[in-house]
Amino acid sequence: MLPEVRPHVSAALAHQLEHQLGLASRLEAGRLDVEGVAGIAVVAAAHSDAYAATGHLLGLLAALPPPTEAGERFWSDLWRSSGTAYLLPVNMKTQVLRSLEGEGTALARQILSAVDEMTPPQRIAAGEVVGQAPRPGS
């Protein structure tokens with residue numbers, strides 16, 4: 001029977017295989033049966049989805065104006081419209097760096113928490129600011 005997998009994004013794939021399937025990292029491939037190979041495929045696929053989602057989130061952030069003097073108005077408008085400083089680059093920096101190291105859940109949680117704390121009018125206003133943002137390089 002294949003395992004149900006809930007990946008911990010911050011854990012390396014080898015650790016996930018050991019944790020989820022009880023496979024030692026030095027296990028020889030010839031000692032695996034079909035179910036073991038299928039289990040590895042399931043864990044690897046779940047692990048890949050978590051990394052893909054983190055990459056997508058980082059890509060969305062990269063599409064926003066950089067936190068330079070030229071992008072200052074955008075970030076000021078976003079702060080004012082959303083009512084939260086959680087979305088400012090200085091407050092997301094640590095979470096972005098952790099995401100690049102493979103610990104993407106902290107960044108997603110911070111963004112979702114910020115959105116959750118907004119009132120419906122603040123969400124609409126913040127969405128309008130993001131939608132009208134000048135794109136980097138334009």
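It should be emphasised that the depicted structure is a prediction, and the values quoted were computed from it without experimental measurement.

The rules behind the values
- Residues numbered from 1 in each chain as written.
- Predicted model: local features only at pLDDT ≥ 70, side-chain atom pairs only at ≥ 80, totals over all residues.
- Heavy atoms only, no water.
- Phe/Tyr/Trp six-rings, centres within 6.5 Å; stacked < 30°, edge-to-face > 60°.
- Buried < 20%, exposed > 50% of the residue type's maximum accessible area, 1.4 Å probe, protein only.
- Axes fitted to C-alpha atoms, helices over the stretch in contact; angles between N-to-C directions.
- Helix = DSSP H or I, 4+ residues; strand = E, 2+ residues; numbered from the N terminus.
- Parallel < 35°, antiparallel > 145°, perpendicular 65-115°, else oblique.
- Left-handed = near helix turned anticlockwise from the far one by under 90°.
- Contact = heavy atoms within 4.5 Å.
- Nonpolar A, V, L, I, M, F, W, Y, C, P; charged D, E, K, R; others polar.
- pLDDT = per-residue confidence, 0-100.
- Polar contact = N/O pair within 3.5 Å; in protein donor to acceptor, adjacent residues only side chain to side chain.
- Salt bridge = Lys/Arg side-chain N within 4 Å of Asp/Glu carboxyl O.

Undergrad: For this particular structure, what's the right way to read the packing of aromatic side chains?
TA: What describes a pair of aromatic rings is the distance from one ring centre to the other and the angle between the planes of the rings. Per the stated rule, a full pass over the model turns up 1 aromatic pair. On the numbers, 4.8 Å between centres and 85 degrees between planes, the contact of Phe74 with Trp75 is edge-to-face. The residues Phe74 and Trp75 share a single accessibility class, namely buried.

Undergrad: Honestly, the packing of helix α3 (residues 72–82) against helix α6 (residues 120–131) in this entry has me stumped. Any pointers?
TA: Remark: α3 packs on α6, axes separated minimally by 8 Å, with the N-to-C direction vectors making an angle of 165 degrees. Between α3 and α6, the interaxial angle falls into the category roughly antiparallel. Along this stretch, α3 crosses α6, giving a crossing that reads as right-handed. For the pair α3 and α6, the contacting residues are Phe74, Asp77, Leu78, Ser81 and Ser82 in the first and Gln122, Ala125, Ala126, Val129 and Val130 in the second. Considered class by class, the residues forming the contact of α3 with α6 number 6 nonpolar, 3 polar and 1 charged.

Undergrad: I keep staring at the confidence of the model for the chain and nothing clicks. Help me out?
TA: Note: predicted coordinates in regions of low pLDDT should not be interpreted at a detailed level. Across the chain, the average pLDDT comes to 77, with 63% of residues at 70 or higher. Looking at the elements of the chain, mean pLDDT is at its lowest for helix α1 (residues 13–21), recorded as 66, and at its highest for α3, recorded as 94.

Undergrad: Got a minute to help me understand the side chain of Gln110 in this structure?
TA: Here Gln110 is to be found in helix α5 (residues 105–117). On the basis of relative accessible area, Gln110 is assigned to the buried category, the value being 11%. Polar side-chain contacts of Gln110 include one of 2.9 Å to the backbone oxygen of Tyr86. Ignoring any residue separated from it by four or fewer positions in sequence, one finds Gln110 in contact with Tyr86, Asn91, Met92 and Gln95.

Undergrad: Please explain the pattern of salt bridges as it appears in this structure.
TA: As a working rule, side chains carrying opposite charge can pair if their charged atoms are close by. Tallying each qualifying case throughout the model produces 2 salt bridges. Residue Asp77 is joined to Arg73 by a salt bridge in which the shortest nitrogen-to-oxygen separation is 3.7 Å. Separated by 4 residues within a single helix, Asp77 and Arg73 lie in helix α3, roughly one turn from each other. Take Arg73: its relative accessible area is 65%, and that puts it in the exposed class. Across the pair Arg80 and Asp77 runs a salt bridge whose closest N-O atoms are separated by 3.0 Å.

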